[in-house]
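Descriptive structure summary
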Amino acid sequence: MNIVLQPEVLKWARLRAGLDEERLAKKILGKPGRADAVKEWETTGEIKYRQAEVLAEKTYTPLGYLFLPQPPIEKLPISDFRSIGGHANLAPSPALLDVVFESQRRQAWFREYLIKRGADTLAFVGSISLKTHVDEAAFNIRKTLKVEELVGGTISSWAENLSAHFAAAEEAGILVMRNGVVGNNGTRKLST
């Protein structure tokens with residue numbers, strides 16, 4: 001059964017997944033050399049329903065998004081300080097969005113877990129505000145993480161330094177999440 005969707009939404013789904021027409025055609029149609037089919041969808045909006053389902057799956061786009069009158073504006077639900085080459089305001093990839101949403105679910109679960117266990121509130125939470133002088137804030141963070149003890153000459157590389165800071169944050173009761181892939185899917189790597 002053929003359906004008609006908005007061509008710009010179909011193109012948006014492909015571009016947000018970082019695919020060119022040829023790679024998307026191979027993922028959906030299973031064979032190379034069919035970029036013309038993708039170009040046709042993105043021109044007319046006419047596509048088979050089953051192909052739209054596979055398009056959604058292969059581009060990590062919710063199927064319902066394909067039926068929108070125009071592409072949605074996706075934003076990270078947290079402050080976004082990413083930049084590449086001095087350029088900010090990068091559109092979040094489907095992989096990054098999935099990792100952030102999963103991290104928020106884990107954070108909510110961990111918070112509930114700690115509350116149920118009767119864990120004490122961390123003394124440093126809320127101790128710094130926008131009115132706190134930067135030197136005082138940095139001093140308090142260093143004191144909480146015991147950074148002076150970390151950098152006492154025993155660390156020999158940036159990777160070891162970073163790992164030591166992560167461990168110090170966890171020791172202070174801060175939940176640290178690091179991930180280079182989406183969930184446990186080694187084929188969905190996060191891009192710089």
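The text that follows walks through the structure, step by step, so that each part is easy to find. The shown structure was predicted, so the numbers you read here are calculated from the model rather than taken from an experiment. (Residues numbered from 1 in each chain as written. Predicted model: local features only at pLDDT ≥ 70, side-chain atom pairs only at ≥ 80, totals over all residues. Heavy atoms only, no water.)

Now for the overall build of the protein. Helix and strand content of the protein: eight helices and four strands. Ordered by position from the N terminus, the helices and strands of the protein form the series β-α-α-α-β-α-α-α-α-α-β-β. Relative to the globule expectation of 16 Å for 192 residues, the C-alpha radius of gyration of the protein, 23 Å, shows a markedly less compact shape. Based on the C-alpha atoms only, the size of the protein along its principal axes is roughly 65 × 40 × 30 Å. (Helix = DSSP H or I, 4+ residues; strand = E, 2+ residues; numbered from the N terminus. Rg over C-alpha atoms; globule rule 2.2 N^0.38 Å.)

Now for the side chain of Thr59. Note on placement: Thr59 falls in the loop between α4 (49-58) and α5 (94-117). Given the relative accessible area of 0%, Thr59 is considered buried. Within polar-contact distance, the side chain of Thr59 engages the backbone oxygen of Leu55 at 2.7 Å. When neighbours within four sequence positions are excluded, Thr59 is seen to be in contact with Ala13, Arg14, Arg16, Ala17, Leu19, Leu24 and Pro94. (Buried < 20%, exposed > 50% of the residue type's maximum accessible area, 1.4 Å probe, protein only. Polar contact = N/O pair within 3.5 Å; in protein donor to acceptor, adjacent residues only side chain to side chain. Contact = heavy atoms within 4.5 Å.)

Two elements in contact, helix α2 (residues 21-29) and helix α3 (residues 35-44), have axes whose closest approach is 7 Å; the angle formed by their N-to-C orientations is 100°. With respect to α3, the element α2 is oriented roughly perpendicular. In contact with Glu21, Glu22, Leu24, Ala25, Ile28 and Leu29 of α2, α3 contributes Ala35, Ala37, Val38, Lys39, Trp41 and Glu42. (Axes fitted to C-alpha atoms, helices over the stretch in contact; angles between N-to-C directions. Parallel < 35°, antiparallel > 145°, perpendicular 65-115°, else oblique.)

Where strand β3 (residues 181-182) lies against strand β4 (residues 185-189), two bridges are found, and the strand directions are antiparallel. By the bridge assignment, Val182 is partnered in β4 with Asn185. In textbook terms, the turn of a hairpin is the stretch between consecutive antiparallel strands, and for β3 and β4 this stretch comprises two residues, one of which, Gly183, has a positive phi near 60°. (Pairing = 2+ DSSP bridges.)

Moving on: the side chain of Thr61. Relative to the helices and strands, Thr61 resides in the loop between α4 and α5. Among the polar contacts listed, one links the side chain of Thr61 to the side chain of Arg16, at a separation of 2.8 Å. When near neighbours in sequence (up to four residues on either side) are disregarded, Thr61 contacts Trp12, Ala13, Arg16, Ala56 and Leu66.

This brings us to unusual backbone geometry. You will see that Tyr60, though not glycine, has its phi angle at about 55°, which is positive. As for its position among the elements, Tyr60 is in the loop between α4 and α5. Tyr60 gets classed as partly exposed once you look at its relative accessible area, which sits at 37%.

Remember that the coordinates give geometry; whether it matters functionally is a separate question.
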